[in-house]
Structures are given as structure tokens and as C-alpha cells.
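Remarks on the overall topology
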Amino acid sequence: MMTIREVMEIVDGKVLVGADRLDERVDTACGSDLMSDVLAFVKEKAVLITGLINPHVLRTSEMLDITCIVFSRGKMPSEEMLAMAEEIGITVISSPLTTYTACGELYVHGLPGTKRKTGVTEGV
Amino acid sequence: MAYILEKSFPVEAGAYTTAGEASTTIKRTLKQLGISAEVLRHVSVACYEVELNLVIHSLGGTLTLLVDPEKVTLISKDVGPGIPDIDMAMTEGFSTASAEARTLGFGAGMGLPNMKRNATEFDIQSEVGVGTTITMSFALAS
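A brief look at the structure comes next.

What counts, and at which threshold
Residues numbered from 1 in each chain as written. Chains lettered and ligands numbered in written order. Predicted model: local features only at pLDDT ≥ 70, side-chain atom pairs only at ≥ 80, totals over all residues. Helix = DSSP H or I, 4+ residues; strand = E, 2+ residues; numbered from the N terminus. Rg over C-alpha atoms; globule rule 2.2 N^0.38 Å. Buried ≥ 20, exposed ≤ 12 C-beta atoms within 10 Å, placed from the backbone. Contact = placed C-beta atoms within 7 Å. Nonpolar A, V, L, I, M, F, W, Y, C, P; charged D, E, K, R; others polar. Pairing = 2+ DSSP bridges. Axes fitted to C-alpha atoms, helices over the stretch in contact; angles between N-to-C directions. Expected span 1.5 Å × (residues − 1). Parallel < 35°, antiparallel > 145°, perpendicular 65-115°, else oblique. Left-handed = near helix turned anticlockwise from the far one by under 90°.

Moving on, we get to the overall build of chain A. The number of helices and strands found in chain A is 5 helices and 7 strands. The order of α-helices and β-strands along chain A, N terminus first, is β-α-β-β-β-α-β-α-β-α-β-α. Whereas a compact globule of 124 residues would reach a radius of gyration of roughly 14 Å, chain A reaches 13 Å, a difference of no more than 12%. Per-residue burial over chain A gives 46% buried out of 124 residues.

Here we take up the interface of chain B and chain A. Each partner contributes to the interface: chain B provides 17 residues, whereas chain A provides 16 residues. Going through the elements one at a time, α1 (21-32), α2 (37-57) and α5 (111-118) of chain B are the ones with two or more residues in the side of chain B that touches chain A. With 5 residues, the single largest contributor to the side of chain B that touches chain A is α2(B). Of the residues in the side of chain B that touches chain A, the class split is 6 nonpolar, 8 polar and 3 charged.

In this section: the sheet that holds strand β2 (residues 14-17) of chain A. Residue and element names in this part refer to chain A. Ordered by their spatial adjacency, 5 strands build an open sheet running β2-β7-β6-β5-β4, and the pairing between neighbours is mixed. The sheet terminates laterally at β2 and β4 (28-31), the two strands that pair on one side only. Across the sheet, the axes of successive neighbouring strands diverge by a mean angle of 25°, strand direction being ignored. Sheet topology places strand β6 (residues 68-71) next to strand β7 (residues 91-94); 4 bridges connect them, and they run parallel. For Phe71, the partnering residue across the bridge sits in β7 and is Ser94.

What follows is about the pairing of strand β4 (residues 121-127) of chain B. All names here are of chain B. Relative to strand β5 (residues 131-139), β4 runs antiparallel, the two being bridged by 7 bridges. Residue pairing for β5: Ser126 is matched across the bridge by Thr132. The hairpin turn running from β4 into β5, its antiparallel successor, is 3 residues long, and Gly129 in that turn takes a positive phi close to 90°.

Our next topic: α2(B). With 21 residues, α2(B) extends 29 Å between its outermost C-alpha atoms, agreeing within 8% with the 30 Å of an ideal straight helix rising 1.5 Å per residue. Counting buried residues in α2(B) gives 16 out of 21 residues, a clear majority hidden from the surface.

Below, the discussion takes up the packing of α2(B) against α5(B). A pair of packed helices is captured by two measures, namely the crossing angle of their axes and the spacing between those axes. Residue and element names in this part refer to chain B. Contact geometry of α2 with α5 gives a least axis separation of 9 Å together with a crossing angle of 155°. Considering their axes alone, α2 and α5 lie roughly antiparallel with respect to each other. Crossing of α2 against α5: the hand is left-handed. Residues His42, Val45, Ala46, Glu49, Val50, Leu52 and Asn53 of α2 touch α5, and the partners they reach there are Gly111, Asn114, Met115 and Asn118. Of the residues that constitute the contact of α2 with α5, the class distribution is 5 nonpolar, 5 polar and 1 charged.

All names here are of chain B. Summarising the element assignment, Glu51 is placed in helix α2. Of the residues examined, Glu51 has 26 C-beta atoms within 10 Å and is grouped as buried. Each C-alpha atom of the pair Glu51 and Glu12 lies 9.6 Å from the other, and the pair is 39 residues apart in sequence. If we ignore the near neighbours within four places in the chain, the residues touching Glu51 are Val11, Ala19, Gly20, Ala22, Ser23 and Leu63.

Residue and element names in this part refer to chain A. Relative orientation of the contacting elements helix α3 (residues 55-64) and helix α4 (residues 79-88) amounts to 10°, with a least axis distance of 9 Å. By the angle class used here, α3 and α4 are roughly parallel. Of the residues in α4, those in contact with Pro55, Leu58 and Glu62 of α3 are Glu80, Met81, Met84, Ala85 and Ile88. Partitioned by chemical class, the residues of the contact of α3 with α4 number 6 nonpolar, no polar and 2 charged.

Below, the structure written as C-alpha cells:
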């Protein structure tokens, strides 16, 4: 478990939405560009690290009550996406790291991957 | 059965831009009814999956939300094309999604199994050339 502030510092990120929620806690993380997998695996109080930029990333996150999205490789969401994130109440961070490196840094700092109930998959 | 809430949402085939809007409305409506966060997550995930399926695979359809004191029910009814092999469609990893759907991050073949996993009761009926009806219910008491 760590705070969003710690997530931001670890991924060397910049907060685009939710600067007033940096003390919120997250328990797990998921790195994926495949929203189908995110929908099948993620639990609440999670960080999603993704290189995919489209409004469905936000819709998927809203359905799952994802706390924070980290867009990797310095990708910047559109104004429309940022407005959606404001409305939903999801914190958005842009990180210059690649998805692999951002996930790796968060993992070695103690943020575990999501585990599916069957126990088959870890760190999706 | 007297429903607390009964609402239908038309879902257009291929409308990728607006896909998910019905699910967003349904989630926010149920939240206002005071449904627990856990049940709400199960309903929301299954609802979003089934709405995406209507957009990606169907020729158009309707998503209906029913709420009674015991459960939330979602019914997805489309006008085709129908699923030739339901067992195959229910297999994780099997997908017939278009390149466009995959570009958006979908089409991993997780949708139907994920709906079944999230719903308390799941039923799928399909006939090629006629259409597919998926009925899912979610018990409100844990």
C-alpha cells in the first residue's frame, strides 16, 4: 500500500487531475493497454499504468472504481479526457517512464500486482 | 414484480465514441439508490462489458435495467447477428472483435466470461439471424 503522492514521486510523474487527493491510499496496481484484461482483473483502490490514451481508459476505470491512472511514456491525455477524469474523480498522472519501468519501480517499492480470485495471475 | 426502477437504453452498433455512456448512467443511478460499493462494482463491470459487446458485435440493441428489493437485473437484447457457438464465445481468449475494437483496448475474449463471473445469475440465449439476449442478475444482499 502507498499514497498517490508516493506513486507520483516513484514514477517521476506530474499530476494532471486530482492534486488535492494525493494523500489517498492505493493497495494494488495493474499495468495494461488491454482494457478487457483490466476489466477482468482489477480490484478497487488500484493504480492503472497504461500507454493507451482514449476515453475508454477513463470509462473502464470509472466502472472499476480505480483510484489513479498513470499514463506512461510521457503521453498526455486530451482536454476532453481530463474533463472526464475531473467529473469522475479519478487522479491522473503523466509519467515519462515506459510502462515496463513505471510498473517495475512501483513493484520494487512495495506496490503489489492485482491477484485474480483463482490465484492464476499476478501482476497483470 | 414491482420494480423500484425500470429503465431502457438503446445501444447503437459501432458507436465507439459513445460506448459506455449507458453504463455510466446506470452506475450513477444505482449509486444514488444507495447500493453497496461491492455490488455496484460487479454490476458496473458486467454492464460495461455487455454494452461494449452490443457496440462491437451486434447490429444494435437495448440494455434494460431493472431494480427490485432483492436484486439488480440487466437485460441486453440485440437484433442480430446471433452467436453460432455459445460455448466457444464463453471461452476466455476467444474473440471475433474487429481491429477497431482492439485498437481501443478491447476484444481480448474476456467479456462474456467476465460477465458470468460478476453476475449472481447469468443466462445467454442466441439464435443466428435472430439475435442474442443476455440476462444477468446481481443479488443485493451479500
